[in-house]
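Listed here are the chains, written in short residue letters.
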Amino acid sequence: TAWHVRVWGDVGAPTVQDMGLLLKPDDGDTEPPPATQVPGQTLLLDAKFASATQFKLCSLAPDHLYTVTLRARNCAGVWGAWVAPRAVRTLKPLQLNHAGFGENFVKLYWYRDAPDTDPAHGEGHDEEALGKLRQKGRGGVYVHEGTPIESYVMSVTLADGGSKEIRLNASDMPATRYTLEGLGSDLQYCVQLCVCYGDEEMGPWCEVPLHFVTMNLLDLAVTYIGEDFISVQWHRKPNTPPSDPNVIRKPSGEGQGHEYQLSLVTEDGSGLATDQPLRELTIAHDTDFRVGDLQPDTLYCIAIREHHSDARQWGAWCGKLRCQTMARMATSILDIQETAVKLRWDRLPAFQVEADVALVKKEAAVTSYQFRVRELREVLRGQRQTPEEAEVQLVRRAGDRPGEGYQVEPASLGNGDITWPPHDAAPTTAEDEGKLEYDDSQELYQCDLQLSADQVEMQVEGLQPNKFYSLQVRTETTGGEWGLWSFDCYVLTMDTIKVTVPLIAEDRLTLQWARPAPRLHHGLRHVHVADLSLQEYQLSVEGVGHSLKLLQNFQPDTTIFSLEKLNHDQVHAIAVRSKDTWGRWSLWSPRIEVVTPKSLRLWPGKVTEHFLEAHWAREPQDPTEYPHTPGVPLLFSGNLIAEYRLQARQVANNTEILDIVLSGTQKSLVLNALQPNTQYSFIIQARVDGAEWGLWAKPTNMTTMPRLDLCVDTVGENYMRLKWWRDMPDIYELMEKERATERVQQGVVPEEVTLPRVYCTPDTKIDHYEVLVDNPEG
């Protein structure tokens, strides 16, 4: 009908739970309790109760030995004998520790060794290996077979009093470890842990609560911002000193032995992430870093975190600074000449970020500029595209004077490394000109110049006319960092004036000049070209080997001029230049040297007593005959003769016998009904297409043949021997001497050959003679 329990031990104040109705101690039982068998133990509990078949002893101390005995009372009210005392040791308390912590987390692990009375307690083991296993949650929590663990209860308390409990299901935890996340940085926490055995049967809190201070955040600072880089540095903020010196704190060192990760997220003007991929850079041992290969004029959000090697976990992202990289440099063309280009450079306007987006302003200061000019090589790569296929846009400079109308306009990209001065390129032939294409990936030369930070414009000298150039500039900023090259600014230098000579006559030249229109480049869509306003042209004509000298100015709308009153068979050097409305003279056009034709020459063909044949032609011109400047084109007349005008006079009485205009294709004329042994003078002039009559040729005298001289050499009874001859007219003496000399030089006849008895001009051949004998006596 009742139970009587007695508990001995060395510590604690045990109580009985679920024992039913308690009985009064003075129930008439006078039997003394049995003595304990364990030295040093005292009676801690002596209680009687009814209506219970099992009970629970509570408020015992962990890892202590207790002795329990029990007796029962029967229905007659008589107490029975005490059962043999039984010694029971309570389980050891949980041991809670950490494997590492950071700014926002702590890695916890716990274990419980077997009681000292357990046979496994005394087995030898490696303390170091056991410690590593415990950090991994594999150190083991001893569980009594009668008290399986249902869950763990974790209590997290802030130093300011705030707390929360976390229940961890034991069946879901293969290892006795747990990472507590979501903590605040630089805050003191107290963590306790106990076991729940089911039915809210809770064990005591761990023996020693874990007191620690989370690490403070990394302090991220931006040192410099460039076009394609951001330089950052960082350090760990120190912890606020806790009031309790025993609170666990982690050393806050940086640099060697530490590993960090930088995060870069591209954002738009409103601060929202774009679809650009996230960049994460892992950095070892350093506390400052230059993030390169960025895009200019782009908004980036930068954060940093540290890898806590003890916890094998990344810490919290710190910083989260927004920076806008500097805009790229751009060049603007102010003026284009034949051998020079004037340009200015500036930074492109940055895109606008919304006002509520906070930016770190640490733009690097410009310490110098580097300027680069490259000539684009023109290579033969098959048939050149037509302008319609090329779709090239010519961008002309705006403004009334050089330097005005400044406008930054980016073009396509391009790069290359070449040397200065330029190498001599192979000359382009006329056949190649129609096959030229252009490739902006090959450079003929490059000129790099280092300029001071206060120079923002310059004039590039020493260029070649009518060449494509790429101009670029970049900045050197604080710390010696070079920015990006500006976009290629493509320029076509102004071509020189070209002079043509559509008419070359004996006494005049027709000159025509013009500056060729800008040519196209099939690979470029934005090309800056010159757009000049002219004031006048200046023509220079100098005689080569004679004293002619002419310097004459023309209005800008005059591009053709007829140079008259010249002499035949002379060389004239010609060049033209222009002056713009700002008073600047251009280069002289490429010098050309023009040779006026030789005069026409007349000579006799067939000549008899009553007719003669006149021939004419212009003597050929040999370039080696004339004074000439090496490398300068020497031009001869290629104009076709439209008409000839031939005049003939009888020399004795100065009587004109002929004045006729002949076709330009006719080269000879026969005159009949002339008088024997009579001298005639011929002159001739020519007119080429599109011109007036040229100079008269020098008069050429021709003489008809005298009559044959006849004499009777011998007279017989019935025969006569006749002789006839004709002497050479004096006018042909020079011609015959030249002819004889020429034949001797050719080795045709011996030197002693004399003229025939009956003289004929070289083109006249005697077919036969006719002798008329008349007998006057019938």
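Residues numbered from 1 in each chain as written. Predicted model: local features only at pLDDT ≥ 70, side-chain atom pairs only at ≥ 80, totals over all residues. Heavy atoms only, no water.

## As for the overall build of the protein chain
Broken down by element type, the protein chain carries 4 helices and 49 strands. Long-range pairs, those at least 24 residues apart, make up 70% of the contacts in the protein chain between residues at least 6 apart in sequence. If you sum the accessible surface of the protein chain, you get close to 42,100 Å²; carbon and sulfur atoms cover 49% of it. (Helix = DSSP H or I, 4+ residues; strand = E, 2+ residues; numbered from the N terminus. Contact = heavy atoms within 4.5 Å. Areas by Shrake-Rupley, 256 points an atom, 1.4 Å probe, with all protein chains shown as cover.)

## Brief notes about the nonpolar core
Trp110, Tyr152, Met154 and Val191 are the most contacted members of the largest nonpolar core, which has 24 residues in total. Secondary structure elements with two or more residues in this core: β8 (95–101), β9 (105–111), β10 (151–158), β11 (163–169), β13 (188–196) and β14 (210–213). Take this core: its biggest share by element is 4 residues, from β13. Excluding residues that lie within four positions of it along the chain, Val191 makes contacts with Leu96, Leu108, Met154, Ser155, Val156, Leu180, Pro209, Leu210 and Phe212. With 23 residues, the next largest nonpolar core counts Leu674, Tyr680, Ile684 and Met705 among its residues. (Core = buried A, V, L, I, M, F, W, Y, C linked by side-chain atoms within 4.5 Å. Buried < 20%, exposed > 50% of the residue type's maximum accessible area, 1.4 Å probe, protein only.)

## Focus on the pattern of salt bridges
Applying the stated criterion across every chain yields a total of 29 salt bridges. Note that Lys56 is salt-bridged to Glu201, the shortest N-O span being 2.4 Å. One end of the pair, Lys56, is in strand β5 (residues 56–58); the other, Glu201, is in the loop between β13 and β14, and 145 residues separate them in sequence. Of the residues examined, Lys56 reaches a relative accessible area of 29% and is grouped as partly exposed. Of the charged contacts, one joins Arg601 and Glu619 as a salt bridge, the two residues approaching to 3.7 Å between their closest N and O atoms. (Salt bridge = Lys/Arg side-chain N within 4 Å of Asp/Glu carboxyl O.)

## As for the environment of Leu299
Note on placement: Leu299 falls in strand β20 (residues 299–308). Owing to a relative accessible area of 0%, Leu299 belongs among the buried residues under this scheme. For the pair Leu299 and Phe351, spaced 52 residues apart in sequence, the C-alpha to C-alpha distance is 9.4 Å. In this structure Leu299 touches Val265, Thr266, Glu267, Asp268, Gly271, Arg322, Cys323, Gln324, Phe351, Val353, Val357 and Leu359, once residues within four positions along its chain are discounted.

## Quick look at the sheet that holds strand β37 (residues 560–563)
Spatial ordering of the open sheet is given by β32-β33-β37, a layout of 3 strands whose pairing is antiparallel. A single partner strand is all that each edge strand has here, and the edge strands are β32 (498–504) and β37. Pairwise comparison of adjacent strand axes, ignoring direction, gives a mean angle of 25° for this sheet. As paired elements, strand β33 (residues 509–514) and β37 share 4 bridges and run antiparallel to each other. The residue bridging Leu509 from the neighbouring strand is Leu563, located in β37. (Pairing = 2+ DSSP bridges. Axes fitted to C-alpha atoms, helices over the stretch in contact; angles between N-to-C directions.)

## A short note on the side chain of Thr298
Mapped onto the fold, Thr298 is located in the loop between β19 (288–291) and β20. Here the side chain of Thr298 touches Gln295 through a polar contact of 3.2 Å, landing on its backbone oxygen. Within polar-contact distance, the side chain of Thr298 engages the backbone oxygen of Pro296 at 2.9 Å. Those residues within four positions of Thr298 in sequence are excluded, and the remaining contacts are Thr266, Cys323, Gln324, Thr325 and Phe351. (Polar contact = N/O pair within 3.5 Å; in protein donor to acceptor, adjacent residues only side chain to side chain.)

## Considering the environment of Lys498
Along the polypeptide, Lys498 turns up in strand β32. The spacing of Lys498 and Pro516 is 18 residues in sequence and 7.2 Å in space, taken between C-alpha atoms. The residues touching Lys498, leaving out its near neighbours within four places in the chain, are Gln512, Trp513, Ala514 and Pro516. Here the side chain of Lys498 touches Thr496 through a polar contact of 3.0 Å, side chain to side chain.

## What to know about helix α4 (residues 733–746)
Between its first and last C-alpha atoms α4 spans 20 Å; for 14 residues at 1.5 Å apiece the expected length is 20 Å, and the two agree. Looking one or two residues beyond α4, the residue adopting positive phi is Gly747, at roughly 75°. (Expected span 1.5 Å × (residues − 1).)

## A word on the sheet that holds strand β16 (residues 230–236)
Strand order in the open sheet formed by 3 strands is β15-β16-β19, with antiparallel pairing between adjacent strands. One side of each edge strand has no neighbouring strand; the edge strands of this open sheet are β15 (218–225) and β19. This sheet shows a mean twist of 25° between the axes of neighbouring strands, independent of strand direction. Bridging between β15 and β16 involves 7 bridges; their strand directions are antiparallel. Its bridge partner lying in β16, Leu220 is registered against Trp234.

## Things to note about the environment of Arg312
Mapping Arg312 onto the fold places it in the loop between β20 and β21 (313–314). With a relative accessible area of 67%, Arg312 lands in the exposed category. Through-space distance from the C-alpha of Arg312 to that of Lys107 is 9.6 Å; in sequence the pair is 205 residues apart. Setting aside its immediate chain neighbours within four residues, Arg312 contacts Lys107 and His307.

## Let's talk about unusual backbone geometry
A positive phi angle, close to 60°, is found at Ser59, a residue other than glycine. You can see Ser59 is positioned in the loop between β5 and β6 (65–73). Positive phi, close to 50°, is recorded for Lys320, a residue that is not glycine.

## Considerations on the packing of aromatic side chains
The full count for this structure, using the stated rule, is 13 aromatic pairs. Taking the centre distance of 5.4 Å and the plane angle of 40° together, the rings of Phe101 and Phe212 count as tilted. Placement of Phe101 in strand β8 and of Phe212 in strand β14 is noted, with a sequence separation of 111 residues between them. Put simply, the rings of Trp513, Tyr537, Phe554 and Phe561 pair up and form one aromatic cluster. Above the plane of the ring of Trp485 lies Arg372, whose end atom (NZ or CZ) is 4.0 Å from the centre. Taking NZ or CZ as reference, Arg687 lies 5.9 Å from the ring centre of Trp693, over its face. (Phe/Tyr/Trp six-rings, centres within 6.5 Å; stacked < 30°, edge-to-face > 60°. Lys NZ or Arg CZ within 6 Å of the ring centre and 35° of its normal.)

## Observations concerning the confidence of the model for the protein chain
Across the protein chain, the average pLDDT comes to 82, with 84% of residues at or above 70. Confidence over residues 380–445 falls short of pLDDT 50; this stretch has 152 contacts with residues more than four positions distant or in other chains. (pLDDT = per-residue confidence, 0-100.)

## Quick look at the state of the cysteines
Scanning the entire structure with this criterion turns up 0 disulfides. Looking at the unpaired Cys190, the closest cysteine sulfur is the one in Cys206, lying at 8.0 Å. Among the residues examined, Cys206 registers a relative accessible area of 4% and is labelled buried. (Disulfide = S-S within 2.5 Å.)

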